[in-house]
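# Fold and geometry: a report
So you can see what is in the structure, the chains are spelled out below.
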Amino acid sequence: RMQSSRSKPCSCPSLKLREVASMYLTLVAAFLVILVVALQGSAPRQSDFPYKVPLDPQGLLELSWNVSYPQQAVHFQLLIRELQFGLLFGMSDRGEFENADLAVLWSDGHNSYFGDAWSDAKGQLHMDSQQDYQLLGARRAPEGLYLLFRRAFSTCDPKDYLIEDGTVHLIYGILEKPVHSLQAINVSALHGGLQRVQLLKPNISIPELPRDMKSMEITAPDVVIPSQETTYWCYMAELPEGFPKHHIIMYEPVVTAGNEALVHHMEVFQCAAQFDSFPHYSGPCDSKMKPERLNYCRHVLAAWAMGAQAFYYPEEAGLAFGGPGSSRYLRLEIHYHNPLVFKGRRDSSGIRLYYTASLRPYDAGIMELGLVYTPVMAIPPGEDSFILTGYCTDKCTQLALPAAGIRIFASQLHTHLAGREVVTVLARDGRERQVVNADRHYSPHFQEIRMLKEVVAVFPGDELITTCTYNTEDRSRATVGGFGILEEMCVNYVHYYPQSQLELCKSAVDPGYLHRYFNLVNRFNDEEICMCPQVSVPQQFYSIPWNTFNRDVLRSLYGFAPISMHCNKSTAVRFP
């Protein structure tokens, strides 16, 4: 273990940091070279590292890991299939190579070195004075080199990334030539990339599964993955005629072998029961050939993203499907991410649902929290972190939730492209009591249903407050709320039981107060903004000159103005 050679400059004032680092590296070099030679042989057991994800689109780098909550540490195993002269692996706020926290393996052509490093705002590498990536071993196997190392969640080192709940942006870079020192590595010239994962998986015990459990694969057969970077593929499936009510109790991904690095995420939606039939379709979701009716398939049954494991329902609840009042039609949506533009790759991926006819005590439900899809909530252009908040108020939960309350066990956060952070908290008697789900490094490109570490109990009279942070630095006009990809959303789909009538509990600013804002802006500005009733809210936002005053007043308006509350039943009828 590397403890003995961890050098903190404060403990040896007579040695310069560079000397300490070189002593450390000499020790590590000897250690690593010996290890690689000595540990020829078998690969580590899969069960030691339950989570696995390909880092690069070709699958040459494969990361496996496990999480120890007692030790507050993550153990990594990195398989390098074709080792050249080393690699960089690490974490950064959004997947940048600047201001990153890195473990570096490099070779000068004779010896191999391993160390904990960081990059500055210009991407220049520096050896970290506090070595927190601890090398545990390296071994050659027929499939490549396995590198094992560990890292604590929190290291109290200002140069280190704090590993916390939610999305982590992992970065990697491959060294294709020998390098003589860490400083000689040019980060911008590396062949590298990023992968998003949830590193801190919840430590959940798997419930016992019933004997009569059956499974069904919802897969898109023999899709030729289009030779472009991003494709959303839609496929329609249907349940057998007269399929009675069942409970879905778990689901898992089915990914075609060899395509693990291309299948980015998948969702299964159930269609609206109001239509007797839906047309068959297998093709891109944005194609003009896609039947209009497929837009009525929006009820989420399952969602998976790269790096996620099987999803289990708590043993007292299941997600109902089949039976009267439930559509037989399902829509599978697959996001293919093909940055290397492979041609002619065939794929039959999808999701395997496990279900039972022995219904559990409770039906699980899905409730939408956050902001209503409306243009009255807007983000000015050029903002690095603009905050919008949606409320599920005490009045709504008092009216709509059962007296014994509900239990939230999973959550899926959702924004469009400007979203950077999403947090939902539970408040009771005017005080915040508990975080329901928080993702401080949220990415709209990585949305999965996540099981919560602990079930959250919500009672009548509680409030659920969802806050989204947006970045619009690359935009020149206001971004309004809505369904378009360049419009914004702020949603948390919470999965809970027992199912209640309440399907949507969201808010927006009171439109009358927004109108007063437009009047105020008009009075203070030279340029006239047309306030005529026929001009839409988005048009009014687009015509605002975004000076500091107009930005600050809008921010204040959203903080203090009364809200319009949507407390809706599944039939889209509001509670009185």
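Definitions and cut-offs
- Residues numbered from 1 in each chain as written.
- Predicted model: local features only at pLDDT ≥ 70, side-chain atom pairs only at ≥ 80, totals over all residues.
- Heavy atoms only, no water.
- UniProt positions renumbered as here; feature names shortened; annotations may be inferred.
- Helix = DSSP H or I, 4+ residues; strand = E, 2+ residues; numbered from the N terminus.
- Disulfide = S-S within 2.5 Å.
- Buried < 20%, exposed > 50% of the residue type's maximum accessible area, 1.4 Å probe, protein only.
- Pairing = 2+ DSSP bridges.
- Axes fitted to C-alpha atoms, helices over the stretch in contact; angles between N-to-C directions.
- Domains from an automatic or database assignment.
- Expected span 1.5 Å × (residues − 1).
- Arc of directions from axis to C-beta.
- Contact = heavy atoms within 4.5 Å.
- Phe/Tyr/Trp six-rings, centres within 6.5 Å; stacked < 30°, edge-to-face > 60°.
- Patch = residues over 30% accessible without salt bridge, like charges linked within 9 Å, V, L, I, M, F, W, Y side chains within 5 Å.
- Areas by Shrake-Rupley, 256 points an atom, 1.4 Å probe, with all protein chains shown as cover.
- Salt bridge = Lys/Arg side-chain N within 4 Å of Asp/Glu carboxyl O.

The protein chain has the name Dopamine beta-hydroxylase in an unreviewed UniProt entry, where Alaudala cheleensis is given as its organism. We quote the UniProt Sequence similarities (unreviewed entry) comment for the protein chain here in full: "Belongs to the copper type II ascorbate-dependent monooxygenase family." UniProt, in its Catalytic activity (unreviewed entry) section for the protein chain, records the words "dopamine + 2 L-ascorbate + O2 = (R)-noradrenaline + 2 monodehydro-L-ascorbate radical + H2O".

### Overview of the UniProt feature "domain: DOMON" (unreviewed entry) in the protein chain
In the numbering used here, UniProt assigns the feature "domain: DOMON" (unreviewed entry) to residues 59–175. Between the first and last C-alpha atoms of residues 59–175 the distance is 16 Å; the span itself is 0% helix and 56% strand.

### So, the state of the cysteines
Scanning all chains against the criterion turns up 5 disulfides. Sulfur-sulfur distance for the disulfide between cysteine 392 and cysteine 505 comes to 2.0 Å. What sets the handedness of the cysteine 392 and cysteine 505 disulfide is the S-S torsion sign, and at about 90 degrees it is right-handed. Of this pair, cysteine 392 sits in strand E27 (residues 386–392) while cysteine 505 sits in strand E35 (residues 502–509), and the two are 113 residues apart along the sequence. Of the two residues, cysteine 392 and cysteine 505, neither departs from the other in class, the shared state being buried. With a sulfur-sulfur separation of 2.0 Å, cysteine 396 is cross-linked through a disulfide to cysteine 567. Given an S-S torsion of about 85 degrees, the disulfide between cysteine 396 and cysteine 567 has right-handed geometry.

### Digging into the sheet that holds strand E9 (residues 144–152)
Across the sheet, 5 strands lie side by side as E1-E2-E3-E9-E8; this open sheet has antiparallel pairing. Each end of this open sheet is capped by a strand with a single partner; those strands are strand E1 (51–54) and strand E8 (134–141). The sheet shows a mean angle of 20 degrees between the axes of neighbouring strands, taken without regard to direction. Here E1 pairs with strand E2 (residues 61–68) via 4 bridges, running antiparallel. Residue pairing for E2: valine 53 is matched across the bridge by leucine 63.

### Observations regarding the domain arrangement of the protein chain
Split into domains, the protein chain comes out as domain 1 (51–197), domain 2 (202–360), domain 3 (364–511 + 566–575) and domain 4 (512–565). Its C-alpha centre places domain 1 at a distance of 47 Å from the equivalent point of domain 4.

### Structural notes on helix H5 (residues 548–560)
Given a rise of 1.5 Å per residue, 13 residues ought to cover 18 Å, and the 18 Å separating the end C-alpha atoms of H5 matches this to within 8%. Restricting attention to buried positions, one finds in H5 the residues Asn550, Arg551, Leu554, Leu557 and Tyr558. One side of H5 carries all its buried residues, which in axial view fall inside an arc of 125 degrees. In this structure, H5 carries Thr548 and Phe560 as exposed residues pointing more than 90 degrees from its buried face. On the buried face of H5, the contacting elements are strand E26 (378–379), E27, E35, helix H3 (511–524) and helix H4 (537–542).

### What about the sheet that holds strand E29 (residues 419–428)?
Read across the open sheet, the 4 strands follow the order E27-E32-E29-E30; overall the sheet is antiparallel. The open sheet has two free edges, formed respectively by E27 and strand E30 (431–439), since each of these has just one partner strand. Adjacent strand axes in the sheet meet at a mean angle of 20 degrees when their direction is disregarded. One ladder, built from 7 bridges, connects E29 with E30; its direction is antiparallel. Of the residues in E30, the one forming a bridge with leucine 426 is glutamine 434.

### So, unusual backbone geometry
Trans is the prevailing form of peptide bonds, just as negative phi is the prevailing case for residues other than glycine. Cis geometry marks the peptide bond from tyrosine 497 to proline 498, where omega comes out at -10 degrees. Even without being glycine, cysteine 156 reaches a positive phi, approximately 60 degrees. Given a relative accessible area of 73%, cysteine 156 falls into the exposed group. Non-glycine residue aspartate 222 carries a positive phi angle of around 55 degrees. The class for aspartate 222 is partly exposed, based on a relative accessible area of 48%.

### A few points about the packing of aromatic side chains
Counting across every chain of the model gives 23 aromatic pairs. Measuring from ring centre to ring centre gives 5.6 Å for tyrosine 313 and phenylalanine 409, while their planes differ by 65 degrees; the resulting arrangement is edge-to-face. One end of the pair, tyrosine 313, is in the loop between strand E19 (311–312) and strand E20 (317–321); the other, phenylalanine 409, is in strand E28 (residues 406–414), and 96 residues separate them in sequence. Given the relative accessible area of 2%, tyrosine 313 is considered buried. Look at phenylalanine 409 and you get buried, because its relative accessible area is 5%.

### Concerning the environment of alanine 438
Assignment of secondary structure puts alanine 438 in strand E30. Since its relative accessible area comes to 14%, alanine 438 is described here as buried. Measuring from C-alpha to C-alpha, the distance between alanine 438 and lysine 569 comes to 26 Å, with 131 residues separating the pair along the chain. Leave out the neighbours within four places in its chain, and alanine 438 touches Asp165, Gly166, Val422 and Val423.

### Quick word on a nonpolar patch on the surface
Together, Leu417, Ile485 and Leu486 line one region of the surface with nonpolar side chains, adding up to about 290 Å² of accessible area. With respect to the helices and strands, leucine 417 occurs in the loop between E28 and E29. Relative accessible area serves as the criterion here: at 34%, leucine 417 is assigned to the partly exposed category.

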